[in-house]
Amino acid sequence: MRKHIVAGNWKMNKTFEEADDLINDIMDKLEGLTLDRNTELVICPPFPYLEMASEYGDESYFAVGAQDVSEQDSGAYTGEVSAAMLESLELTYCIVGHSERRAYHHETDEIVARKVDQLLKYNLRPIVCCGEVLQEREEGRQFDVVKKQITDGLFHLSAEQFANIVIAYEPVWAIGTGKTATPEQAQEIHAFIRGLIAEKYGKEVADETSILYGGSCKPSNAKELFANPDVDGGLIGGASLKADDFIAIATAF
Ligand code: PGA
């Protein structure tokens, strides 16, 4: 049975002290709570807090991921963080190809593919984001856009490598806007993505791939989104910055 994953993408928020407080708050709330055994909680704080989060994660019930990684292995790339560095912090996950990186840092599908390769080389699980912008949806091109992102970013992998991939479908028009895709819209695209994976790697691999929904997911809509057969959890931005909301979403299955 494929995993349910609820991952908090903190983006560029919180000072060190605030990050420490938020993690402790999450840990307090997790104590005595029985999460569905098939649900994994992931926290993706900014780079400077990864070591702290990773140490706390060892004592608690969550995994830790980074928000980005360099496509290069090592060397003269000022400001970059390599997959080897993330592995040395014993992280589990790393987000790749988030729409904010695609929009503000010109991250193409080819760059996403190279970042995925780096992460797999160092035993990290990529959470690969895809999703259309509003105009593409209005023109009915969401399926083509997502197909291209998945094909060019991931379909160079072998089936064995692909087994480590988590996908996050995040319609860009729903990110940080308060506008959520309807459960039907989410299910439609998630089923389409699973179909693409089945075509390329077979039904077994497709059935085991966790496909998360992201975009204004919050306690009030998580249950109806997660109730869909092809929605295996969420990539949570704004609502992951409050322990109560994040835990409420994690228990919405
Ligand atoms: P949001 O962000 O939940 O604030 O819409 C989701 C994301 O960008 O990962």
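Structure first, text after, so check above.
Residues numbered from 1 in each chain as written. Predicted model: local features only at pLDDT ≥ 70, side-chain atom pairs only at ≥ 80, totals over all residues. Heavy atoms only, no water.

**Quick look at the overall build of the protein chain**
Using the following cut-off: Each helix is a run of H or I in the DSSP string that is no shorter than four residues. Each strand is a run of E no shorter than two, and both are numbered from the N terminus. Atoms considered for the radius of gyration are the C-alpha atoms alone. The globule rule reads 2.2 Å times the number of residues to the power 0.38. Under the scheme applied here, a residue whose accessible area is under 20% of the maximum for its type counts as buried, over 50% as exposed, and between as partly exposed, the area being computed with a 1.4 Å probe on protein chains only. The contact criterion used throughout is that any non-hydrogen atoms of two residues lie within 4.5 Å. Only the protein chains shown count as covering a residue, and every accessible area follows the Shrake-Rupley method with a 1.4 Å probe.
Secondary structure summary: the protein chain contains 12 helices and eight strands in total. Taking 253 residues into account, the globule formula puts the C-alpha radius of gyration at 18 Å, and the protein chain, at 17 Å, falls close to it. Taken along the three principal axes of its C-alpha coordinates, the protein chain extends 45 × 45 × 35 Å. Within the span of the protein chain, comprising 253 residues, buried residues form 55% of the whole. When contacts within the protein chain are restricted to residue pairs at least 6 apart in sequence, those whose partners lie at least 24 apart make up 71%. About 11500 Å² of surface is accessible on the protein chain, with carbon and sulfur atoms providing 49% of the total.

**Describing the side chain of Q67**
Note the following rule: Counted as a polar contact is a pair of N or O atoms within 3.5 Å, where, for protein atoms, one must be capable of donating a hydrogen and the other of accepting one, and residues adjacent in sequence contribute only when both atoms are in side chains.
Residue placement: Q67 occurs in the loop between strand 3 (62-66) and helix 3 (83-88). Polar contacts involving the side chain of Q67 include one to the main-chain carbonyl oxygen of K11, which spans 3.1 Å. Of note is the side chain of Q67, whose polar atom sits 3.5 Å from the backbone oxygen of P45. Setting aside its immediate chain neighbours within four residues, Q67 contacts N9, W10, K11, C44, P45, P46, C94 and I95.

**A closer look at the pairing of strand 1 (residues 4-9)**
In plain terms, the rule: By definition, two strands form a pair when at least two bridges between them are found by DSSP. Assignment of crossover handedness uses the view with strands pointing away from the viewer, where a clockwise path from the first strand over the helix to the second indicates a right-handed crossover.
Burial analysis of strand 1 places six of its six residues in the buried class, which makes it a mostly covered element. Two elements, strand 1 and strand 2 (residues 39-44), share six bridges in a ladder whose sense is parallel. Bridging from a neighbouring strand, N9 pairs with C44 of strand 2. Running through helix 1 (residues 16-30), the crossover from strand 1 to the neighbouring parallel element strand 2 is right-handed. Relative to strand 8 (residues 233-236), strand 1 is paired through four bridges, and the arrangement is parallel. Considered in strand 8, the bridge of V6 is made with G234.

**A look at the site of the ligand**
Using the following cut-off: Definition of nearness: a residue and a molecule or strand are near each other if at least one heavy atom of the residue lies within 4 Å of the molecule or strand. In the cavity and pocket records, a cavity denotes points on a 1 Å grid over the protein atoms alone where a 1.4 Å probe fits but cannot get out, a pocket denotes an open set with protein on both sides within 12 Å along at least 5 of 7 lines, and lining residues are residues with an atom within 4 Å of a point. Think of it this way: if more than half of a molecule's atoms are within 2 Å of a pocket's grid points, that molecule is in the pocket or cavity. The residue classification treats Ala, Val, Leu, Ile, Met, Phe, Trp, Tyr, Cys and Pro as nonpolar and Asp, Glu, Lys and Arg as charged. All others, Gly included, are polar.
Close to the ligand lie N9, K11, H98, E170, A174, I175, G176, G215, S216, L235, G237 and G238. One nitrogen or oxygen atom from the main chain of S216 is found 2.7 Å from an oxygen atom belonging to the ligand. Between the ligand and the protein, one listed contact pairs an oxygen atom with a backbone N or O atom of G238 at 2.8 Å. A majority-of-atoms criterion places the ligand in the second largest pocket. Of the residues contributing to the shell around the ligand, the split by class is three nonpolar, seven polar and two charged.

**What about the packing of aromatic side chains?**
Cut-off, in case you're wondering: Within 6.5 Å between ring centres, the rings of Phe, Tyr and Trp (the latter by its six-membered ring) count as paired, and their orientation is classed by plane angle as stacked under 30 degrees, edge-to-face over 60, tilted in between.
For the coordinates displayed, the defined rule picks out seven aromatic pairs. Ring geometry for Y169 versus Y213: centroids 6.5 Å apart, planes at 55°, classification tilted. Of the two residues, Y169 is situated in strand 6 (residues 166-169) and Y213 in strand 7 (residues 211-214); the sequence distance between them amounts to 44 residues. On the basis of relative accessibility, which here comes to 0%, the residue Y213 falls in the buried class. Within the aromatic cluster, the residues linked to one another by ring pairs are F155, F162 and Y201.

**Observations concerning helix 12 (residues 243-250)**
The condition is simple: This arc is taken over the directions from the axis of the helix to the C-beta atoms.
A243, F246, I247, I249 and A250 are the residues of helix 12 that are buried. All buried residues of helix 12 project into a common sector of 160° when viewed along the axis, lining one side. Taken together, the buried residues of helix 12 touch strand 1, helix 1, strand 2, helix 11 (219-226) and strand 8.

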